[in-house]
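# Examining the three-dimensional arrangement
Here's the letter readout for the chains.
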Amino acid sequence: MNNCALMKQKPTLKRALQIVAFNTVIALGITAFMQQGLWINLVYSQCIGLSIWALIDFGQYWLVSDLQLQWRRLFLIAPVGAALGYLLGTAAAQRFFPGHDFHHWSSHPNQALGFLIISLVAGGISTYFFMSREQLALARADMARTQREAEAAQRQAAQAQLTLLQSQLEPHMLFNTLANLRALISLDPERAQTMLDHMVAYLRATLGASRATLHPLQTEFDRLGDYLELIKVRMGARLHYTLTLPDDLAGLNVPPLLLQPLVENAIKHGLEPKVAGGGVLVSARQQGSQITLEVQDTGVGLAAGAAVADGFGLAQLRERLQTVYGPTATMNLVADSAGGTRAIVTFFI
Amino acid sequence: MIMTASATALIAEDEPLLAAALQAELARAWPALQVLAVLGDGQAALSQALLLQPDVLFFDIRMPGLSGLEAATELVDAWDSRQKPFPALVFVTAYEQYAVQAFEAQALDYLLKPVQPARLQKTVSKLQLALASRAQDATTSEASAGSDGASLEATVRQLRQLLASIDGPKPAPAMPLRHIAASVGATLRLVPVDEVVYFEAADKYVRVLTREREYLIRTPLKDLLPQLDASVFWQIHRGTVVNNRFIETMLRDEAGKAFVTLVGLPGRLAVSRLYVHLFRPM
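Residues numbered from 1 in each chain as written. Chains lettered and ligands numbered in written order. Predicted model: local features only at pLDDT ≥ 70, side-chain atom pairs only at ≥ 80, totals over all residues. Heavy atoms only, no water.

Moving on: the sheet that holds strand β14 (residues 258-262) of chain B. Residue and element names in this part refer to chain B. With antiparallel pairing, 3 strands are arranged side by side in an open sheet as β13-β14-β15. Across the chains shown, the open sheet's two edge strands, defined by having one partner strand only, are β13 (247-252) and β15 (265-271). On average, each strand axis in the sheet is inclined to that of its neighbour by 25°, with strand direction left out of account. Two strands pair when backbone bridges link them, and β13 and β14 are joined in this way by 5 bridges, in the antiparallel orientation. Bridge pairing in β14 links Thr 249 to Thr 261. (Pairing = 2+ DSSP bridges. Helix = DSSP H or I, 4+ residues; strand = E, 2+ residues; numbered from the N terminus. Axes fitted to C-alpha atoms, helices over the stretch in contact; angles between N-to-C directions.)

The next subject is the confidence of the model for chain A. Residues and elements named next belong to chain A. Per-chain confidence: chain A averages 83 in pLDDT, with 90% of residues scoring 70 or above. In this model residues 1-9 is a low-confidence stretch, pLDDT under 50, and it forms 13 contacts with partners more than four residues away in sequence or in other chains. Low confidence marks residues 304-308, where pLDDT is under 50. Its contacts with residues over four positions away, or in another chain, come to 9 contacts. (pLDDT = per-residue confidence, 0-100. Contact = heavy atoms within 4.5 Å.)

Here we come to the packing of helix α10 (residues 217-235) of chain A against helix α11 (residues 260-271) of chain A. Residues and elements named next belong to chain A. Following both chains from N to C, one finds α10 and α11 inclined at 20°, their axes separated by 10 Å at the closest point. Accordingly, the angle class assigned to the pair α10 and α11 is roughly parallel. Remark: the crossing between α10 and α11 carries right-handed chirality. Taking contact as the criterion, the partners of Glu 220, Leu 224, Tyr 227, Leu 228, Ile 231 and Met 235 in α10 are, on α11, Gln 260, Val 263, Glu 264, Ile 267 and Leu 271. Residue composition of the contact of α10 with α11, grouped by class: 8 nonpolar, 1 polar and 2 charged. (Parallel < 35°, antiparallel > 145°, perpendicular 65-115°, else oblique. Left-handed = near helix turned anticlockwise from the far one by under 90°. Nonpolar A, V, L, I, M, F, W, Y, C, P; charged D, E, K, R; others polar.)

Within the secondary structure, A:Ala284 sits in strand β4 (residues 278-287). In this structure the C-alpha to C-alpha distance between A:Ala284 and A:Leu245, which are 39 residues apart in sequence, comes to 5.6 Å.

Applying the stated rule across the entire model yields 20 salt bridges over all chains. Ionic pairing is found between B:Glu15 and A:Arg234, a salt bridge with its closest N-O pair at 2.8 Å. Here B:Glu15, found in the loop between β1 (8-12) and α1 (16-29), pairs with A:Arg234, found in helix α10, and the two come from separate chains. For A:Glu294, the salt bridge identified is with A:Arg285, shortest N-O distance 3.3 Å. On the accessibility criterion, A:Glu294 (4% relative accessible area) is buried. One network of salt bridges, with partners in common, ties together A:Arg182, B:Glu25 and B:Arg28. (Salt bridge = Lys/Arg side-chain N within 4 Å of Asp/Glu carboxyl O. Buried < 20%, exposed > 50% of the residue type's maximum accessible area, 1.4 Å probe, protein only.)

Our next topic: the interface of chain B and chain A. Each partner contributes residues to the interface: chain B has 20 residues there, and chain A has 24 residues. Here chain B meets chain A over a buried area of about 1,800 Å², counting both sides, of which 61% is carbon and sulfur. Of all residues in chain B, B:Glu15, B:Leu17 and B:Arg62 give up the largest surface area on contact with chain A, accounting jointly for 31% of the area buried on that side. Connecting chain B to chain A are 6 residue pairs in polar contact (both at pLDDT 80 or more). In terms of residue count, α1(B) provides more of the side of chain B that touches chain A than any other element does, 5 residues in total. (Buried area = accessible area lost by both parts, 1.4 Å probe. Polar contact = N/O pair within 3.5 Å; in protein donor to acceptor, adjacent residues only side chain to side chain.)

This part covers the pairing of strand β7 (residues 341-348) of chain A. Residue and element names in this part refer to chain A. Counting buried positions over the 8 residues of β7 gives 6, a clear majority of the element. Sheet analysis places strand β5 (residues 290-297) next to β7, joined by 8 bridges and oriented antiparallel. When the bridges of β7 are listed, Ile 291 appears paired with Phe 347. Bridging between strand β6 (residues 330-335) and β7 involves 6 bridges; their strand directions are antiparallel. Its bridge partner lying in β7, Leu 333 is registered against Ala 343. Hairpin connection of β6 to β7: 5 residues between the antiparallel strands, including Gly 339 at a positive phi of 120°.

In structure tokens, the structure reads:
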């Protein structure tokens, strides 16, 4: 399709001029070797040459949609176009000269054959000339496009990776956590060590989370526990949390850190803005082949925390869900009747 | 160093460990400083600051309820500088790249978390100097109200420019809002924006007042504001945006607080010190 569009963009006028020049050269050659006048040869040559060009171009337009794949068709189009163009051009040229008609050819079969051969050779040469140039231009354009596309894809992938990392290693969270750690070192070294262990586990999971692999739900819940424990050190009594994972779901494989953005949202948009703080409940359950994972908070709720539609994390989550579990996998945010927010992930196994 | 011996401070920080750490670091860097209270949210910090009237405020920026910036702007309005000069303000933040640039530009003091002892020492020296010169002013000139007002005015100016640079330059709306869609029971009323006298934030709603009646809408004021024609609708308080065509007069009470009265509506609306500059006489 692209090739076709490209061909049509080729400047037709330039090509017509090249054809006319080529025809003129043929007319001059014929005049030099034959007795007829230059004027007559020029008219015949132009009429035949332009007809051949028009027919071959027309044939190519209708029969060749992808030059790279269908170039062999030109072996049919070029000679048929040249022969028909020869007849059509001759008929057209005869209109300029009263007395010229096809009887002339029947009385001079050698001359007719000679001109037909000239037409075929000229048609073949010009077709080859234009096609090879077109091929070259197409190949160049193709290469440039492929290169551009590859570069764009690479940039996009790098950008997505960076945005994901930035959202997970949010500087505000990181520096606040470090500030707390600094405070704990002198106040309670043992607790500082525990906090550091959670932080190491969280960072290792975040930095190493590959989008391609899966990990068991138990590991997912452990990482959420690390994160919530870090936040709990910061928020103190303002945060309490519960992780509920039934034993028979512990081994279920899920994309790593799938629920992380939901727990982060619960903290950032639900509980952090609430003076009294509150709770986070992360749970998993199974009904038949349907798995439901839920992150529920008792925070300020959807209406007040309008910023929940903090697109990137949730869009990413939906995309990952559907890549792994297909189009029936869903993620919905629901305003909890008790005032908080429930983020519900469902998929079928 | 006349006054520093009895200098007092208030800390607003929602993370208990960080509040304790700052207090401990302060005790080392400035043993004479008396920390009157440590509060965990902006609203409590505001009311305690008014009650205790400390010399120095350490405000965390991200706090539940009111943010540190919001609490400071409210405090500027509520503060009576005839009784005591406005406290020296130090913002504490973990990572607010843009805010830090804004602080630098406005010469407001700030501390980055985790707070480094050397950096804290610098802040403490600056604060001690400021309080000492303030004390000197008070003893040399009988009419100290002038310089007290000056410290408040300076803070107001800094805060106003700080807020403006943090919010960023607001692009004029391509198409200012023409109607406010407000539901009245089951029906939806389109209230022409020209008829709105003022908008007022009220908990989860925004009150829309026309001369005839009042509507409630759910769009937060901060989302509504950029859609309004800024040459007509003026923010005069954190929670108030008024149509200037309905402003009758601007007046001040004895304490220097500003109000506007409105054409066609009784009562008056408070004008924040941050926005009083809108009413400069020509």
